[in-house]
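Each chain is listed here by its residues.
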Amino acid sequence: METRMKATEEILRVWKRFDEFPMETITKAWLHANGEPFKPRSVARMREHRTQYGTSGNCFDLALWLMDELRSEGVVCYPVGENLGTEDAHAAVIAMDGSGRRYLCDLGDQWLQPILVDPDTEEYSESPLSGFFPGADIAVASDGGRALIRYIRPGGKESRAEFDLNPAGESEFREAAAYSQSLLSLPLVERRIRLCDDRIVHWEYENGQSQISSDRGLFHESDPFGEETWARRISRRSGIDERIVQTALDLYAAEGLL
């Protein structure tokens with residue numbers, strides 16, 4: 001595990017509370033199926049649903065929840081986002097340590113831990129680093145205002161994402177969260193899974209298929225057979241109550257999204 005670019009213990013202590021949380025759009029569809037209004041849940045309600053049904057939420061839910069937890073511990077933080085208010089929106093959080101150094105906290109993409117994004121610090125590096133993302137090395141290129149993240153996977157395959165490191169207005173962020181909540185696109189569930197050899201892999205279900213990304217490559221899972229259903233597999237992998245998953249999948253199917 002790399003030590004360079006890692007967040008401080010006060011930030012990591014809060015981050016680790018989310019280690020078992022999936023990122024998922026199952027809850028959104030379940031709420032829609034129950035006739036819930038198209039608006040974000042309060043953090044208190046997210047906690048209630050987590051306790052009752054094992055749900056968590058999408059990237060906006062997780063960002064709002066993480067900020068609530070960080071602020072309860074006195075950690076300064078703010079929301080960031082890309083393409084807010086669109087179907088391609090993505091939400092994350094910047095947490096600051098006691099020296100004002102900023103760390104990108106992206107539960108929505110199931111990072112293993114936050115990463116330093118301030119270039120004018122001794123610890124900053126643009127070299128590929130392991131231990132931050134399941135199944136890939138991470139390389140950061142930041143000018144302080146924006147950060148380009150390279151995800152370098154086994155065999156050299158690479159993908160990229162950009163982040164605006166400036167604070168999103170909290171009212172704008174909540175409006176974007178509400179818009180995201182109103183959308184039903186493809187069903188998506190992602191979760192970090194620790195294997196018996198202590199490696200952490202990234203499991204993902206999207207649009208009727210599931211796969212596992214690891215440091216040994218990408219593996220597609222076979223379709224359910226026998227008594228297993230997609231709802232049962234998603235429940236087993238994610239920890240979400242199977243009845244909740246089935247209700248959500250039924251809605252996605254009815255909307256022609258499966």
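Quick note: structure is the one above.
Here the structure is a predicted model, which is why all the values come from computation and not from measurement.

1. Side note on unusual backbone geometry
For Met5, which is not glycine, the phi dihedral falls at a positive 75 degrees. Note on placement: Met5 falls in the segment before α1 (9-15). On the accessibility criterion, Met5 (2% relative accessible area) is buried. A positive phi angle, near 55 degrees, is found at Asn207, a position not held by glycine. Along the chain, Asn207 turns up in the loop between β11 (200-206) and β12 (209-214).

2. Looking at the layout of surface pockets
The space that makes up the largest pocket amounts to roughly 1100 Å³. If you go around the largest pocket, you meet 41 residues; those closest to its centre are His90, Asp109, Leu188, Glu190 and Glu204. Elements that contribute at least two residues to the lining of the largest pocket include exactly α4 (59-72), β9 (158-164), β10 (188-194), β11, β12 and β13 (217-220). Top contributing element to the lining of the largest pocket by residue count: β9, with five residues. Grouping the constituent residues of the lining of the largest pocket by class yields 14 nonpolar, 15 polar and 12 charged.

3. A word on the sheet that holds strand β7 (residues 136-142)
Taking strand neighbours across the sheet as the criterion, the four strands line up as β6-β7-β8-β9 in an open arrangement whose pairing is antiparallel. This sheet does not close on itself; its edge strands, each paired only once, are β6 (129-133) and β9. Ignoring which end each strand starts from, the neighbouring axes of this sheet average 40 degrees apart. Relative to β7, β6 runs antiparallel, the two sharing two bridges.

4. Examining the packing of helix α3 (residues 43-53) against α4
It is the contact of α3 with α4, at a shortest axis distance of 10 Å, that shows an interaxial angle of 105 degrees. Of the possible angle classes, the one that applies to α3 and α4 is roughly perpendicular. Note on element contacts: α4 touches α3 through Asp61, Leu64, Trp65, Asp68 and Glu69, opposite Val43, Met46, Arg47 and Arg50.

Rules and cut-offs
Residues numbered from 1 in each chain as written. Predicted model: local features only at pLDDT ≥ 70, side-chain atom pairs only at ≥ 80, totals over all residues. Heavy atoms only, no water. Helix = DSSP H or I, 4+ residues; strand = E, 2+ residues; numbered from the N terminus. Buried < 20%, exposed > 50% of the residue type's maximum accessible area, 1.4 Å probe, protein only. 1 Å grid on protein atoms, 1.4 Å probe; cavity = no way out; pocket = protein on both sides within 12 Å on 5 of 7 lines; lining within 4 Å. Points joined across faces, edges and corners; volume = space filled by probe spheres on them. Nonpolar A, V, L, I, M, F, W, Y, C, P; charged D, E, K, R; others polar. Pairing = 2+ DSSP bridges. Axes fitted to C-alpha atoms, helices over the stretch in contact; angles between N-to-C directions. Parallel < 35°, antiparallel > 145°, perpendicular 65-115°, else oblique. Contact = heavy atoms within 4.5 Å.

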